[in-house]
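These are the residues of each chain, in order.
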Amino acid sequence: MTQLYSTLANIYHEMLEIARIEVNTEKFIQGDMRDLTFHNQFDSVMITGRSISYVTDNRGIIDTLKGVHKSLKDNGLFVFGVFEVNGIFDNFDDFEKNIQHNNKKIRRISTMKLNLATGWTYDWIAKYIIDDGGKIFEFDDLTTLRAFTKDEIMFFLKLTGFKIEEMIEENKTITIITKKQLA
Ligand SMILES: C[S@@+](CC[C@H](N)C(=O)[O-])C[C@H]1O[C@@H](n2cnc3c(N)ncnc32)[C@H](O)[C@@H]1O
């Protein structure tokens, strides 16, 4: 049986605390994806949850991809997802989601605003209303996200030494499967 060893990274220690409870992984690292420095190299790297869309400037994207390249073994796989420009901006509506997590009922009201400062960027303003056993808490969260065209992604990957294996386009997202290309 193949054994899977994984390392999980996030920029915020609060997110790692949640992951420690929810995910069965050996190593948790607090770090910025734009500055990846590992002592070892991996068979594969995944940037999940479209997290690369949180990096909104070209320099940051290139630094992230170069860091992933350095962290992979030869022919290593890199899989990540992004928000896609047409999918996002053709349906640029506010939306609402209700989530049940353990004993908490979470209502998330999302408002979208154009930003366009450093690419196809937009602001996602989320209001969370949490009902925790009858006690109500409210939080506001503002995140600037970047959407990408397919061509932009292809060019970023060409610049940083990845060969595209597959691009899966779905609704508002693209999932990209790549291999580290040798120099
Ligand atoms: C949509 S959440 C995805 C969470 C989780 N990875 C998943 O797949 O369910 C995006 C995550 O990216 C993290 N993040 C944002 N910018 C980052 C950066 N520069 N380096 C590392 N993590 C970052 C945020 O803290 C947030 O937890």
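In this text, all values refer to a predicted model and were calculated from it rather than measured experimentally. (Residues numbered from 1 in each chain as written. Predicted model: local features only at pLDDT ≥ 70, side-chain atom pairs only at ≥ 80, totals over all residues.)

Let's shift gears to the confidence of the model for the protein chain. Here the protein chain shows a mean pLDDT of 93. Residues at 70 or above account for 97%. Predicted confidence in the protein chain is weakest over strand β1 (residues 7-10), with a mean pLDDT of 85, and strongest over strand β10 (residues 173-180), with 98. (pLDDT = per-residue confidence, 0-100. Helix = DSSP H or I, 4+ residues; strand = E, 2+ residues; numbered from the N terminus.)

Let us look at the packing of helix α2 (residues 58-71) against helix α4 (residues 150-160). Here α2 crosses α4 at 50°, and the two axes come no closer than 9 Å. The orientation of α2 with respect to α4, classified from their angle, is oblique. The chirality of how α2 crosses α4 is right-handed. Residue-level contacts link I61, I62, L65, K66 and H69 of α2 to F156, L157, L159 and T160 of α4. Its residues placed into classes, the contact of α2 with α4 shows six nonpolar, two polar and one charged. (Axes fitted to C-alpha atoms, helices over the stretch in contact; angles between N-to-C directions. Parallel < 35°, antiparallel > 145°, perpendicular 65-115°, else oblique. Left-handed = near helix turned anticlockwise from the far one by under 90°. Contact = placed C-beta atoms within 7 Å. Nonpolar A, V, L, I, M, F, W, Y, C, P; charged D, E, K, R; others polar.)

Our focus in this paragraph is the pairing of strand β2 (residues 27-30). Strand direction decides the pairing type here: β1 and β2, joined by four bridges, are parallel. The residue bridging N10 from the neighbouring strand is Q30, located in β2. (Pairing = 2+ DSSP bridges.)

Looking now at the site of the ligand. Around the ligand, the neighbouring residues are N10, I11, Y12, M15, D32, M33, R34, T48, G49, S51, Y54 and V55. Its residues placed into classes, the shell around the ligand shows six nonpolar, four polar and two charged. (Near = placed C-beta within 6 Å.)

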